[in-house]
Amino acid sequence: MKAFPTLLDLPIYLRSIQLTDFKIIYAPGDGIGPEVIEQSSRILAAIGDRFGHRFSGDYVPVGADSIEQFGTELTSDTIDKCLASDSVLLGACGIAGGAAVKGRHPELAVLGLRREMQLWTNLRPMKVYDSLLDASPVKRDRLEDVDMLVLRELTGGIYFAQPKERRIVDGERAAVDTLLYKESEVRRIVRRAFELAGDRRKHVTSVDKNNVLESSRFWREIAEDVASDFPDVQLEHVLVDAFAMRLVLSPRDFDVVVTKNMFGDIITDEMAVLSASLGMMPSASLGNGNKGLYEPIHGAAPDIAGTNQANPIGTILSAAMMLRLSLGLEDEAKAVESAVESALAHGFRTPDIAETKNSAVGTTEMGDVIAQNIISPPVTK
Ligand code: IPM
Ligand code: MN
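Residues numbered from 1 in each chain as written. Chains lettered and ligands numbered in written order. Predicted model: local features only at pLDDT ≥ 70, side-chain atom pairs only at ≥ 80, totals over all residues. Heavy atoms only, no water.

Asks: Looking at this model, I keep getting lost on the overall build of the protein chain. Mind explaining?
Replies: Broken down by element type, the protein chain carries 13 helices and 12 strands. A compact globule built from 381 residues would reach a C-alpha radius of gyration of about 21 Å, and the protein chain, at 22 Å, matches this within 12%. Across the 381 residues that make up the protein chain, the buried fraction comes to 50%. Of the roughly 17,400 Å² that the protein chain leaves accessible, carbon and sulfur atoms contribute 52%. Counting 41 positive and 55 negative side-chain charges, the protein chain places the centres of these two groups 1 Å from one another. (Helix = DSSP H or I, 4+ residues; strand = E, 2+ residues; numbered from the N terminus. Rg over C-alpha atoms; globule rule 2.2 N^0.38 Å. Buried < 20%, exposed > 50% of the residue type's maximum accessible area, 1.4 Å probe, protein only. Areas by Shrake-Rupley, 256 points an atom, 1.4 Å probe, with all protein chains shown as cover. Lys, Arg positive; Asp, Glu negative; His and termini not counted. Charge placed at Lys NZ, Arg CZ, Asp CG, Glu CD.)

Shown next as structure tokens:
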């Protein structure tokens, strides 16, 4: 805007000062979910104050919380509200040991939302903050400058394909899950990986189990085919067992990684260890449009629920991804990320990333510092 707006500039000026209202659905869920969601909603409120937006949130039950109240882990009302929102921020679903609640599995709420919202891409970025280089069990010289992005296929493969059932085989009890991928499912996720790699270091690693699984041989074939449309991006195939090893030995090898649903689930927990803690890791799930589901990759951690020990950063960084990818608010996303970085650089640590228990701050205190960093210049410890 010019220093002295003319009358002609008035409509543009008025639009720029209008409050934009974003409809966010908060799905806190179980265990530490409500605590980390509470901090993230405070962070969004701080962003709203600073940048002039409103994030009008509606809360919905999911997981064990929903089973207790409504007898199902995901009600149709929750699904409808999520579908009608601009985006969804989810905490975690599940109880200790992955057990059932009243005969139902709380985790199915997450899978149901992914399927209902048709979110076939899961983005799990990972970088190691300088201030946390020594907090990871992996040696610092392997972690410096690591910056990778995993694309996990999210609505297909062994998580969803049918049949998925109990049956009798050779006269005894048996169970079956089906690992099936359709060409269109492989093609779209691999294509998205190449598109994203184009803006990064132009390297795609496709992780499969080509030496054993027919579905992996198929995946590799399609990946090769997609790669021919992106001559300036390099494609490397790595078997999942070898990848598990290389991820620890030389994580700098990887830029964009694309893989199927279950491999993606497993390797991203391993990747989180490099970043110092599962509590640090955000994720975004997207489909064809802008609407997304954002959640930390950690679970409900019932053992520490309600004790103010959970690390809210994974969820707060998920909210940052939501600002960037679903709401188109890049500056706001950067403001959240630098507020987190500065809190860490000033030594604030939740117990999962602290050197000693005594030096740790709680969930709410971490939220306080990050919110404060958004509203005004960083505070020091
Ligand atoms: C994840 C979780 C979920 C998954 C569970 C809770 C269903 O582990 O998002 O990584 O397996 O996808
Ligand atoms: Mn997982």
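Alright, that's what it looks like, and here's the rest.
Asks: I tried to follow the site of ligand 1 on my own but got confused; where do I start?
Replies: Taken together, Glu-107, Leu-111, Arg-114, Arg-124, Arg-152, Tyr-159 and Asp-265 form the complete shell of residues around ligand 1. Arg-114 is positioned with one of its side-chain polar atoms (N or O) 2.7 Å from an oxygen atom of ligand 1. In this structure, an oxygen atom belonging to ligand 1 sits 2.6 Å away from a side-chain N or O atom of Tyr-159. Because more than half of its atoms lie within 2 Å of the grid, ligand 1 is assigned to the largest pocket. Here the shell around ligand 1 is built from residues that sort into two nonpolar, no polar and five charged. The residues that make up the shell around ligand 1 include at least three from each of domain 1 (1-117 + 291-381) and domain 2 (124-280). (Near = heavy atom within 4 Å. Polar contact = N/O pair within 3.5 Å; in protein donor to acceptor, adjacent residues only side chain to side chain. 1 Å grid on protein atoms, 1.4 Å probe; cavity = no way out; pocket = protein on both sides within 12 Å on 5 of 7 lines; lining within 4 Å. Sits in = over half its atoms within 2 Å of the grid points. Nonpolar A, V, L, I, M, F, W, Y, C, P; charged D, E, K, R; others polar. Domains from an automatic or database assignment.)

Asks: I tried to follow the sheet that holds strand β3 (residues 87-92) on my own but got confused; where do I start?
Replies: In sheet architecture, strand pairing relies on hydrogen bonds along the backbone and comes in two forms, parallel and antiparallel. One open sheet accounts for 10 strands, arranged β2-β1-β3-β12-β11-β4-β5-β10-β8-β9; its pairing is mixed. One side of each edge strand has no neighbouring strand; the edge strands of this open sheet are β2 (53-59) and β9 (234-239). Taking each pair of neighbouring strands and ignoring which way they run, the sheet shows an average axis angle of 25°. When strand β1 (residues 20-29) meets β2, the two strands line up parallel, connected through seven bridges. (Pairing = 2+ DSSP bridges. Axes fitted to C-alpha atoms, helices over the stretch in contact; angles between N-to-C directions.)

Asks: Please explain the pairing of strand β5 (residues 147-153) as it appears in this structure.
Replies: Remark: a regular strand shows side chains that alternate across the two faces of the sheet. With respect to burial, β5 is a largely interior element, six of its seven residues being buried. Bridging between strand β4 (residues 121-127) and β5 involves seven bridges; their strand directions are antiparallel. Looking at β5, one finds that Thr-121 is bridged to Glu-153. Examined bridge by bridge, β5 and strand β10 (residues 256-259) share four bridges and lie parallel to one another. Across the sheet, the residue bridging to Leu-149 is Val-256, located in β10.

Any link to function would need more than the numbers given here.
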